[in-house]
Amino acid sequence: MSDDHVYLSLAEGHDDGDARWAFGTGFEDPLHGVDQTVPEGTDAAQLATYCLALGDDALVSAQRLAQWCTAAPELEEEVALANIGLDLLGQTRLLYARAGQVDGTGRGEDAYAYFRDADDFRNVRLAELPNGDFAFSITRLLVLSSWRLALFERLAVATSDPVLAAIAAKGVKELAYHRQYAAEWVVRLGDGTEESQRRMRDALTAVAPYLDELFAGDGELRDEVLGVLRQVADAAGLALPASAPLPGHGRAGDHTDHLAPLLAELQSVARAHPEATW
């Protein structure tokens, strides 16, 4: 393995002393002092839809990560994956709250999370696929965290909505760690045994058809994210395979058959006791 560890270069620009332990950042209100009025000239419906989609990505990803509890290869990794999921749940709550503020319905976080059917979710399809083996889950985490980090870095400085910008700025620190964690494991497995290399190759092949959906025609975003993925793959002695994109799009409500059972598991208690308080 090269001495130029890929995860060190990926961490450049995110070298806060607490970056590795970003779990649960948010003990302070990230929206404290932020004007929550929808800016003049902003399409409120479009903003709500976008916040909802980003929240759906995070919620579905967090639910998949939660399924590794008691099943991860080591206790340390089980804790790490659970805490990454908690970071994503924190992002979900902020994004759903913003959607409810601006969409005119006044819906709360629970309404979005627990009382919508699969057809109403707008997450990307890669997030909803079953966990598979550890190699697949860690590869998916690398892809989704690299993509989400690139999006949030843009939103933190470029969106017209100060609330979404504040949510993104908080998420950048968390996502930088998520990407670093996943990159370390991809390199470790790719540069490991014949079996771990085979599993990593299979994982990269499995996620490749879902990559195009992430970029929605944004060539600059595509180049940035694929550049990161190739950097990690090269360090692991692997290649990022080419693949024809799948038809359809999760943002348009096109989903795999795996989303509905995942949501049924997530929503079962809330739907069984819809008036309960916790």
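The structure displayed is predicted, hence computed values, not measured ones.

**Points about the packing of aromatic side chains**
Any aromatic ring pair is given by two values, namely how distant the centres are and how the planes are angled relative to each other. All told, the structure shown has 4 aromatic pairs when counted by the stated rule. Ring geometry for phenylalanine 134 against tryptophan 185: centres 5.0 Å apart, planes inclined by 85°, an arrangement best described as edge-to-face. Residue phenylalanine 134 is located in helix H5 (residues 134-158), and its partner tryptophan 185 is located in helix H6 (residues 162-190); the two are separated by 51 residues in the primary sequence. Side by side, phenylalanine 134 and tryptophan 185 carry an identical accessibility label, which is buried. Between tyrosine 177 and tyrosine 181 the ring centres are 6.0 Å apart and the planes differ by 40°, which places this aromatic pair in the tilted class. Here tyrosine 181 and tyrosine 177 lie together in helix H6, a separation of 4 residues that amounts to about one turn. Accessibility classification places tyrosine 177 together with tyrosine 181 in one group, the buried group. Three or more aromatic residues joined by ring pairs form one cluster here, namely Trp68, Phe134 and Trp185. Against the face of phenylalanine 121 rests arginine 116, its NZ or CZ located 4.0 Å from the ring centre. Arginine 188 extends its terminal NZ or CZ atom over the ring of tryptophan 185, reaching a point 4.2 Å from the ring centre.

**Some points on empty space enclosed by the protein**
For the structure on display, the rule yields 2 cavities of 30 Å³ or more. Computed from the structure, the largest cavity encloses a volume of approximately 200 Å³. Along the wall of the largest cavity there are 19 residues; nearest its centre are Ser61, Leu88, Arg140, Leu141 and Leu144. Of all the secondary-structure elements, those providing two or more residues to the lining of the largest cavity are helix H2 (44-66), H5 and H6. Examining the composition of the lining of the largest cavity, we find that 7 residues originate from one element, H5, more than from any other. Residue composition of the lining of the largest cavity, grouped by class: 10 nonpolar, 5 polar and 4 charged. Reported here for the second largest cavity is a volume of approximately 60 Å³. Looking at the second largest cavity, the residues that line it are Thr139, Leu142, Val143, Val186, Met200, Leu204, Leu229, Val232, Ala233 and Leu240. Those elements that place two or more of their residues in the lining of the second largest cavity are H5, helix H7 (194-207) and helix H9 (219-235). Taken together, the residues of the lining of the second largest cavity sort by class into 9 nonpolar, 1 polar and no charged.

Reading guide: rules and limits
Along each chain, the written sequence defines residue order, and numbers are assigned to residues from 1. Given that the model is predicted, a residue must reach a pLDDT of at least 70 before its local features are reported, and side-chain atom pairs must reach 80 or more before they are shown or counted; all residues, however, enter totals for whole chains, interfaces and linings. Calculated side-chain values reflect all of the structure's heavy atoms, with hydrogen atoms and water omitted. Pairing of aromatic rings covers Phe, Tyr and the six-membered ring of Trp, with a centre-to-centre limit of 6.5 Å; geometry is then stacked below 30 degrees between planes, edge-to-face above 60, and tilted otherwise. Starting at the N terminus, helices and strands are each numbered in turn, a helix being any DSSP run of H or I of at least four residues and a strand any DSSP run of E of at least two. Three exposure classes are used, based on accessible area relative to the maximum for each residue type with a 1.4 Å probe and protein chains only: buried under 20%, partly exposed in between, and exposed over 50%. Throughout this description, the term charge over a ring refers to an Arg CZ or Lys NZ atom that lies within 6 Å of the ring centre and within 35 degrees of the ring normal. Here a cavity means grid points, on a 1 Å grid over the protein atoms only, where a 1.4 Å probe fits yet cannot get out; a pocket means an open set of points with protein on both sides within 12 Å along at least five of seven lines; lining residues are those with an atom within 4 Å of a point. Grid points are joined across faces, edges and corners, and a volume is the space filled by probe spheres set on the points. Classification convention: Asp, Glu, Lys, Arg as charged; Ala, Val, Leu, Ile, Met, Phe, Trp, Tyr, Cys, Pro as nonpolar; all other residues, Gly among them, as polar.

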